[in-house]
Every structure is written in structure tokens, then in C-alpha cells.
Amino acid sequence: MVSVTQDGGFTTRLSSLWDSSIVPTLVDYIRIPNKSPAFDPDWVKHGHMEKAVALFERWAREHIARLEGATLEVVRLEGRTPVIFIEVPASAGSRPAPQPPPARGGGAAHADTVLLYGHLDKQPEMVGWAEGTGPWTPVIEGDKLFGRGGADDGYAMFAAISALLALQAQNVAHARCVILIEAGEESGSPDLPAYIDHLSSRIGEPSLVVCLDSGCGNYDQLWLTTSLRGIAMGNLSVRVLTEGVHSGDASGIVPSTFRIARTLLSRLEDETTGEMKLDSLYVQVPPDRLAQARQAAKILGEEIHTKMPFVHGAKPMASDVGELVLNRTWKPQLAVTAIDGYPKPQDGGNVLLPYTTAKLSIRLPPTCDAGAATEVVKKTLEKDPPYGAVVEFDAEAGQDGWNAPALAGWLEESLTRASEAHFGKPVAFMGEGGSIPFMAMLGEKYPKTQFVVTGVLGPHSNAHGPNEFLHIPTAKKVSACVASILADHAQRG
């Protein structure tokens, strides 16, 4: 294998590119409120997504000009968010990479291909940002760049290109690389299947996928995501009245829609322990994932819960750290993420309200069938409504989770070397509690492909919430690790 650290200037050059060009560009990107279409239905009219795409395109064109034969296209399908598609031909370097047989998928004959993935759309603002910061107000404090989207995951394209530039600077071989940056991941990637089909002949069948949209247990080592939970979502609506009535007149006669909703949720979840009650939402956890969860718990210790912004005196759902890791990665969990039908406290009169609507987010184990789970949840909530209330669970399409295939020997060795070289500690393995729809899609489409799913969303980085930040040193080290992995991929036997 070729080491990308033989040249002592490698990390210095990569760090310099981040400091001089990438971080300033991410600062400009954070200022753009390009919320994902699910949170900005008028995204075309507002133009923020186009502005973000144009910013990324300008930077990428300037820098891929140094990669011989590299091309960039902003691909647009009617009625869909755009995709940035970058192709970088294989580079022989000082030691030519072996060329496996042409890809069988997609109908095109391509040399061995690596697909690197990220997204540039953002979650909405949220409240609670620290004074002087905000979702669209980039602030650098020490090693942290605060603002929406920097870590989740605007940095991804820059990490991929900087890794390739680092290899070129050292004359180290890499395979053909395709970089795909979408603009709808935070909406569940509804446009991505169409783009994958549209670009299939240009992508080929990748032997390696690198996804940079995940998390890390700490900032001390490289973390490989081994699984992602799926999700079932929808709005539970309970209605008993056509209009609100005085609580003094109605309470005791008319049942509270809040109480009914609470009763219905108890069909899904034990309100005392938080454990889900439906057996069909559980799966058998693979033995290797159990072992990795135990090892992750050993590495992280109490940081698995101390990283959360608990109020004083609040405690996690379990005292055993290993149980918390499994809760977060392989067990179903319910969260109520929004409530409708209620005024703000200062505006609330003594009125018994006509309806309650709660938005439910049910995280599912990686191998649980999200469609079947959603149907079970809907049936459970809607059957035999208390007091004859009108109950409806308006379910969105479920998203399947993903369990990574077993690592090839070369890749396991490469990950270990990369983490030791650039972080000074061994690689760590852990499932993530969130979803990346693209991974499940690719896993089904390319069952023989190897996956490196990693990211920079570590303790307190708070993706989707207030005070999101990018830990800049970790982003640099992840970029360096990607370069190392690409070099080893080109030289694998």
C-alpha cells in the first residue's frame, strides 16, 4: 500500500487549503438560508438553493482545474432539486493502479470507480442559538465554525476534492472518482432515485462508496458508521369538536383531545420507560454489531450522554452505557417533534380545544422494514378510537435503514492505518441513530460495494438543532483519511 504521509508536507498543504479557501467558502455558504424543500416549499422562487449551488460550483471548478480531465456539471431534472456531478479520471501516480473489469451495472463500461457523496441543503433555523450566533450567522470560535449546514454536511464536497488534490500533490494513484452532491437529503432525498437512474451510465458500478454525511463518537479518532436507523413518520390527529368551547362548560362532558392522543401514544410506547411496545418494530441485533456497540461504549464511556445538553438534574434513559448505545442505534424509539392545535401559553384562554395534532418520528432498527412498520403503527393508532373521536395517522413514506456489508480485508486495514496516521488513535465503529436515505438505496443497488460512511458530527455539534458547528480540525483529518483510503483502494490486490 502507498502511504500518503511519506511526504511531510501533506498535512500542511491540506490544512492550508482548508484555512485559506475552504473555511472562508463555508462561511459564505452558512449565510445562505437554503433550507431543504420540505421546509421551504417555495425554494425555487426564493432562489437560496441556486445561490448555494452556484457558490459550490464556482469553488469546485476553480480547484478541480488542477485535476487532469476532471469535469463538473450541475444536473437538473424538471421539478427537482439540482445535483452537482463531478467526474475525476483515474490518476496513475508514480505507481499505476490495477484496473478491474468494466462495471456491469448502468450499461456503461467504466474503470473501477469510487463514488463520494454529500449534500448541501439545510435543516430549518430552530430556536435557542447562543447570543451572537444564529443559523445564517457564521461565527468562528477557536476550532469551531458555528452555523447551519457547515457540518451537516456542506463540508463534504470540499473534503472530497481536497483529498484528491492531496493525492495529486504527492503523485499517488487513485481510481476514477465521481462526486455527487445532492440538494434534498434533509427532505428524505425524494429526487435522488431519479438522478441515480439518470446518471447510472455515467456513474457505473462503484466498488467503493464514501459518504461524508454521518457522525463521530468523539473528535479523537476516525469513526466508521456501521448502520443507520430507518424512520416512520406521520401526523397523529385527534378531533372531538367542530370548534373550541369554554372549559368550564365542557370539561367533564367532552373528552380532552390531548388525553386521547396521550392514550393512543401509550399503545406504541411505555410512557414510564420509553420502550416501544410493538414487537414488529424490533429486530435481532447481529452479533458483530453487539460487539461493536460494547466497544464503542467502552471508548466513549459516559460521554455518550454527557454530550447532550441536559438541564441540571436530568438523567439519560438508562444508566448502562452499552444499553444507551444500542438504544440509539438498534432499538426503535418515539419522539413527538411538533404539536398543532394549541395557542402559545400567553394566548391560551379557558377553552377546551377541538383537536390535537402531534408529529411523530419513530426511529426504526436498521434492518426493519419501514413500510411494514408504518402500516403497523397506523393500524395500531387508528383502531377503536376512544370516545368515538376522529383519529387519523397521516403517514409519510417510511425510510428504510441500512446495515453495512462486511469490510473487505484491505479496507479494514486501510481504515486502521488512516486513523492512526491522521488522528493518532485506532479507528472506531458504531451505528448512527439517524437516517441517510442514499445509503439504503445504494446498498440495494450495489450489494457488492464497499462503504465508508463517516462524518464530523461529534459531541455538541448539534445537527438539526441550535448551535450546530463544524469542528474544523476533525474536518481536516477526515479529509486526510479519505485521501489515504483512496490511495489504498487504488493499490488493493
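Reading the values: the criteria
Residues numbered from 1 in each chain as written. Predicted model: local features only at pLDDT ≥ 70, side-chain atom pairs only at ≥ 80, totals over all residues. Heavy atoms only, no water. Helix = DSSP H or I, 4+ residues; strand = E, 2+ residues; numbered from the N terminus. Axes fitted to C-alpha atoms, helices over the stretch in contact; angles between N-to-C directions. Parallel < 35°, antiparallel > 145°, perpendicular 65-115°, else oblique. Left-handed = near helix turned anticlockwise from the far one by under 90°. Contact = heavy atoms within 4.5 Å. Nonpolar A, V, L, I, M, F, W, Y, C, P; charged D, E, K, R; others polar. Buried < 20%, exposed > 50% of the residue type's maximum accessible area, 1.4 Å probe, protein only. Polar contact = N/O pair within 3.5 Å; in protein donor to acceptor, adjacent residues only side chain to side chain. Expected span 1.5 Å × (residues − 1). Arc of directions from axis to C-beta. Salt bridge = Lys/Arg side-chain N within 4 Å of Asp/Glu carboxyl O. Phe/Tyr/Trp six-rings, centres within 6.5 Å; stacked < 30°, edge-to-face > 60°. Lys NZ or Arg CZ within 6 Å of the ring centre and 35° of its normal. Core = buried A, V, L, I, M, F, W, Y, C linked by side-chain atoms within 4.5 Å.

Visitor: How should I be thinking about unusual backbone geometry in this particular structure?
Guide: It is generally the case that most residues other than glycine have a negative phi and that most peptide bonds are trans. Here the amide bond leading from D152 into D153 is cis, since omega sits at -20 degrees, within 30 degrees of zero. Structurally, the position occupied by D153 is in helix 4 (residues 150-169). Here Y387, not a glycine, exhibits a phi torsion of approximately 60 degrees, which is positive. In this fold, Y387 is placed in the loop between helix 12 (370-382) and strand 14 (390-395). Residue N462 is not a glycine yet carries a positive backbone phi of 60 degrees.

Visitor: How should I be thinking about the packing of helix 1 (residues 10-30) against helix 15 (residues 472-491) in this particular structure?
Guide: Where helix 1 meets helix 15, the closest approach of the two axes is 10 Å, and the angle between their N-to-C directions is 125 degrees. Our classification of the angle between helix 1 and helix 15 gives oblique. Like other packed secondary-structure pairs, helix 1 and helix 15 cross with a definite hand, here right-handed. Counting all contacts with helix 1, which are made through F10, L14, S15, W18, D19 and V23, the residues of helix 15 involved are I472, A475, K476, S479, A480 and A483. Taken together, the residues that form the contact of helix 1 with helix 15 break down as eight nonpolar, two polar and two charged.

Visitor: Whenever I open this one, the side chain of S189 confuses me. Can you help?
Guide: With respect to the helices, strands and loops of the structure, S189 is situated in the loop between strand 6 (176-182) and helix 5 (192-198). Exposure remark for S189: the relative accessible area of 2% places this residue in the buried category. For S189, the side chain forms a polar contact with the side chain of E182, separated by 2.7 Å. Discounting residues that sit within four places of it in the chain, S189 has contacts with Y117, E182, G184 and P437.

Visitor: What's the story with helix 13 (residues 409-422) in this structure? I'm lost.
Guide: Two residues of an α-helix separated by three or four positions point the same way, owing to the 3.6 residues in each turn. Counted at 1.5 Å a residue, the expected span for helix 13 with its 14 residues is 20 Å, and the 20 Å between its end C-alpha atoms agrees. All buried positions along helix 13 are accounted for by W410, L411, S414, L415, A418, S419 and H422. The arc that holds the buried residues of helix 13, viewed along the axis, is 155 degrees, so those residues lie on one side. Its buried side turned inward, helix 13 meets helix 1, strand 7 (208-215), strand 8 (223-228), strand 17 (450-457) and helix 15. Remark: G424 follows helix 13 within two positions and exhibits a positive phi of approximately 80 degrees.

Visitor: Can you help me understand the pattern of salt bridges in this one?
Guide: Counted under the stated rule, the structure contains 15 salt bridges. The shortest N-O distance in the salt bridge between R202 and E73 comes to 2.8 Å. Within this pair, whereas R202 is found in helix 6 (residues 200-203), its partner E73 is found in strand 1 (residues 71-75), the two being separated by 129 residues in sequence. Classification of E73 as partly exposed rests on a relative accessible area of 32%. A salt bridge links D191 to R80; the nearest nitrogen and oxygen atoms lie 3.1 Å apart.

Visitor: Sorry, what's going on with the packing of aromatic side chains here?
Guide: In this description, an aromatic ring pair is defined by two values, namely the gap between the centres and the angle between the planes. A complete count under the given rule lists seven aromatic pairs for this structure. Between the aromatic rings of Y219 and F469, the centroid separation amounts to 6.5 Å while the plane-to-plane angle is 45 degrees, which identifies the pairing as tilted. Taken together, the residues Y219 in the loop between strand 7 and strand 8 and F469 in strand 18 (residues 469-471) connect sequence positions 250 residues apart. For Y219, a relative accessible area of 17% translates into the label buried. Taken together, Y29, F56, W59 and F158 form an aromatic cluster joined through their ring pairs. Over the ring of Y29 we find K122; its NZ or CZ atom is 4.0 Å from the centre of that ring.

Visitor: Is there a simple way to think about the nonpolar core in this case?
Guide: Here is a general trend for soluble globular proteins: nonpolar side chains tend to be buried in one another's company. Grouped together as the largest cluster of nonpolar side chains are 76 residues, with contacts concentrated most on W18, I86, L120 and Y155. In terms of residue count, helix 4 provides more of this core than any other element does, 13 residues in total. Among all residues touching W18, those that are not within four sequence positions of it are V23, P24, L26, Y155, A159, S162, L470, A475, K476 and S479. Core analysis: the next-biggest nonpolar cluster, separate from the first, contains 26 residues, I196, V209, C211 and A440 among them.

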